[in-house]
Amino acid sequence: MNPSWHQGKLREFCMKKGIHVCAWSPLGAYKVFWGSNAVMENPILQEIAEARKKNVAQVQLILYFKLFSITTLNNLVLNKLF
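What counts, and at which threshold
Residues numbered from 1 in each chain as written. Predicted model: local features only at pLDDT ≥ 70, side-chain atom pairs only at ≥ 80, totals over all residues. Heavy atoms only, no water. Helix = DSSP H or I, 4+ residues; strand = E, 2+ residues; numbered from the N terminus. Buried < 20%, exposed > 50% of the residue type's maximum accessible area, 1.4 Å probe, protein only. Salt bridge = Lys/Arg side-chain N within 4 Å of Asp/Glu carboxyl O. Contact = heavy atoms within 4.5 Å. Patch = residues over 30% accessible without salt bridge, like charges linked within 9 Å, V, L, I, M, F, W, Y side chains within 5 Å. Areas by Shrake-Rupley, 256 points an atom, 1.4 Å probe, with all protein chains shown as cover. Polar contact = N/O pair within 3.5 Å; in protein donor to acceptor, adjacent residues only side chain to side chain. Core = buried A, V, L, I, M, F, W, Y, C linked by side-chain atoms within 4.5 Å.

(A) Expanded view of the environment of P26. Of note, P26 is situated in the loop between α1 (8-17) and α2 (43-52). P26 gets classed as buried once you look at its relative accessible area, which sits at 15%. Spatially, the C-alpha atom of P26 lies 9.8 Å from that of L63, the residues being 37 residues apart in sequence.

(B) Just the pattern of salt bridges, in detail. All told, the structure shown has 1 salt bridge when counted by the stated rule. Residue E12 is joined to K16 by a salt bridge in which the shortest nitrogen-to-oxygen separation is 3.3 Å. Of this pair, E12 and K16 both sit in helix α1, separated by 4 residues, roughly a single helical turn. Overall, E12 belongs to the partly exposed group, its relative accessible area being 44%.

(C) Structural context of the environment of V56. Summarising the element assignment, V56 is placed in helix α3 (residues 56-67). As a C-alpha pair, V56 and N42 span 14 residues in sequence and 8.4 Å in three-dimensional space. Leaving out residues up to four positions away in the same chain, V56 has contacts with V39, M40, L45, Q46 and A49.

(D) Layout of a nonpolar patch on the surface. On the surface, L10, F13 and I19 cluster together into a nonpolar patch covering about 280 Å² of accessible area. By secondary structure assignment, the location of L10 is in helix α1. A residue is classified by how much of its surface remains accessible, and L10, at 41% relative accessible area, is partly exposed.

(E) Here's a closer look at unusual backbone geometry. A positive phi is found at K53, a non-glycine position, where the angle reads about 55 degrees. Following the sequence through the fold, K53 ends up in the loop between α2 and α3. The class of K53 is exposed, set by a relative accessible area of 74%.

(F) Spatial organisation of α2. Here α2 starts with a cap whose side-chain oxygen sits 2.8 Å from the backbone nitrogen of I44, and that cap is N42. In the stretch just after α2, K53 is the one whose phi turns positive, near 55 degrees.

(G) Spotlight on the nonpolar core. Core analysis: the largest hydrophobic core is formed by 7 residues, namely V39, M40, L45, A49, V56, A57 and V59. Elements that contribute at least two residues to this core include exactly α2 and α3. The greatest single-element share of this core, amounting to 3 residues, is contributed by α3. Among residues more than four places away in sequence, those in contact with M40 are L27, Y30, Q46, V56 and A57.

Here's what the structure looks like:
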């Protein structure tokens, strides 16, 4: 799960079945031969990162935690980064 690979049908199926989905590579396997740079080089994430004076990885992880509503961890991260 990352901005470049939403897997909406899989997430919907898992939600209906009570299966918790977690991302194994929320940063998109940056700079590895089998991965993708699509997350770390995403112009929208880069723009958000610049505006917030953060790096793309920080922005993506915030969005990841927010997307999956991990409330406690989300609040800790948001309070420290934003």
